[in-house]
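So the chains spell out like this:
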Amino acid sequence: MNRRHLLVLLAATAATPAGAQPRRRDPPPEIDHPRASHFAFGPEGGQWRIFVGLPDAPPPPQGYSVILSLDGATTFPQFWTHRETRAPGAPVILFGISYEGANRRWADLTSRAMAPVLPILGYRSAPRDRLTGGREAFLAMIGDELLPELARRYPLDQGDMTLYGHSLGGLFVLHALFNRPHLFARHVAADPSVWWNAGESQREAAAFAGGVAAAGGRVDPGIQVMIAQAGRARQNHPHDPTSLVRILSEIRGLDVMYRPYPQENHGSLMGPSTADALDLHLLR
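Treat the numbers as computed from the prediction; the structure is a model and nothing was measured.

Trainee: Can you help me understand empty space enclosed by the protein in this one?
Mentor: Think of a ball as big as a water molecule: rolled over the atoms, this probe shows where empty space is left. This model, assessed by the stated rule, comprises two cavities of 30 Å³ or more. In this model, the second largest cavity occupies a volume close to 30 Å³. Taken together, the residues that form the lining of the second largest cavity break down as five nonpolar, no polar and one charged.

And the structure:
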């Protein structure tokens, strides 16, 4: 059985049975364990909280493989529970990015918000009280400051890393793929906010595809991309990522996996999508 078929089999075990009601998004549990910790990172007054989940396994010669999740206060407990339950001996270190003090996720995860789009198009606009537009600085912080610091503290295999994001986090994961594609070997976007700026992620994907074509027609080395979706697909709807999936699927060197969860809602998708991300990482 090949890796893709095994992935589908494993992910199917986590899917909600047909006819089941969408699960509510329960508050994440507090992780109180000797192998779980966190530290503050960044400038005074604008620090991030970095969660760390060490595995119950020694590092391989090449170092631990890595899963880095955005919105870490919520996603890190999910990954911790999945890893400890599904693969307790796997040499996978978990990191989650959250915040010390004020939550700045709208600024960190988005481009500058455009003027509101006509309601008839069905696109949302950003809340007027939220700062936006900091994703370039946030991506630079992750790639140029945080990952080197993590590699200084822990033995890491920097060629074997997964980035996970949900909602606006998923939007950011796609942006990272399009702008620094080889910073991570795997990108998992769960219900990415493809409505942002009237479908900006599709325009980014088309530009990325054009850049790949101009540079030789293939992403090399190859990259795995998983896009999970809650609810039922609605073709050409602003919240539906399938058009973006089609663009990415045409790019040689991208191994694109689309995971629909028709019985889940936007919040409840985080549980099965983090399990999928772990399975994808383990089956690399």
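Trainee: I tried to follow helix H6 (residues 200–214) on my own but got confused; where do I start?
Mentor: For an α-helix, the turn length of 3.6 residues means that residues three or four places apart are oriented alike. Compared with an ideal rise of 1.5 Å per residue, which puts 15 residues at 21 Å, H6 spans 21 Å between its outermost C-alpha atoms and is within 8% of the ideal. Within the span of H6, buried status applies to Glu200, Ser201, Glu204, Ala205, Phe208 and Val212. An end-on view of H6 places all buried positions within 135° of arc, on one side of the element. Along H6, the residues that are exposed and aim more than 90 degrees away from the buried face are Ala207, Ala213 and Ala214.

Trainee: How do you make sense of the pairing of strand S5 (residues 156–166) when you look at a structure like this?
Mentor: Regular strands place side chains that alternate from one sheet face to the opposite one. For S5, the tally of buried residues reaches nine of eleven residues, placing the bulk of the element in the interior. Relative to S5, strand S3 (residues 64–69) runs parallel, the two sharing five bridges. Residue pairing in the sheet places Tyr64 in a bridge with Leu156 of S5. Where S5 meets strand S6 (residues 186–190), five bridges bridge the pair, whose relative direction is parallel. Looking at the pairing, Thr162 lines up with Arg186 of S6. Handedness of the β-α-β unit built from S5, helix H5 (residues 168–179) and S6 comes out right-handed.

Trainee: Is there a simple way to think about the sheet that holds strand S2 (residues 48–53) in this case?
Mentor: The strands making up a sheet are joined through hydrogen bonds of the backbone, oriented either antiparallel or parallel. Strands sit in the order S1-S2-S4-S3-S5-S6-S7-S8 across an open sheet of eight strands; the sheet is mixed. Single-partner strands in this sheet number two, and they are strand S1 (36–41) and strand S8 (254–261). For this sheet, the mean angle separating the axes of adjacent strands, direction not counted, is 20°. Running over the sheet, helix H7 (residues 242–249) touches strand S7 (223–230) and S8 and is turned about 160° from S8.

Criteria and thresholds
Residues numbered from 1 in each chain as written. Predicted model: local features only at pLDDT ≥ 70, side-chain atom pairs only at ≥ 80, totals over all residues. Heavy atoms only, no water. 1 Å grid on protein atoms, 1.4 Å probe; cavity = no way out; pocket = protein on both sides within 12 Å on 5 of 7 lines; lining within 4 Å. Points joined across faces, edges and corners; volume = space filled by probe spheres on them. Nonpolar A, V, L, I, M, F, W, Y, C, P; charged D, E, K, R; others polar. Helix = DSSP H or I, 4+ residues; strand = E, 2+ residues; numbered from the N terminus. Expected span 1.5 Å × (residues − 1). Buried < 20%, exposed > 50% of the residue type's maximum accessible area, 1.4 Å probe, protein only. Arc of directions from axis to C-beta. Pairing = 2+ DSSP bridges. Right-handed = clockwise from strand over helix to strand, strands pointing away. Axes fitted to C-alpha atoms, helices over the stretch in contact; angles between N-to-C directions. Contact = heavy atoms within 4.5 Å.

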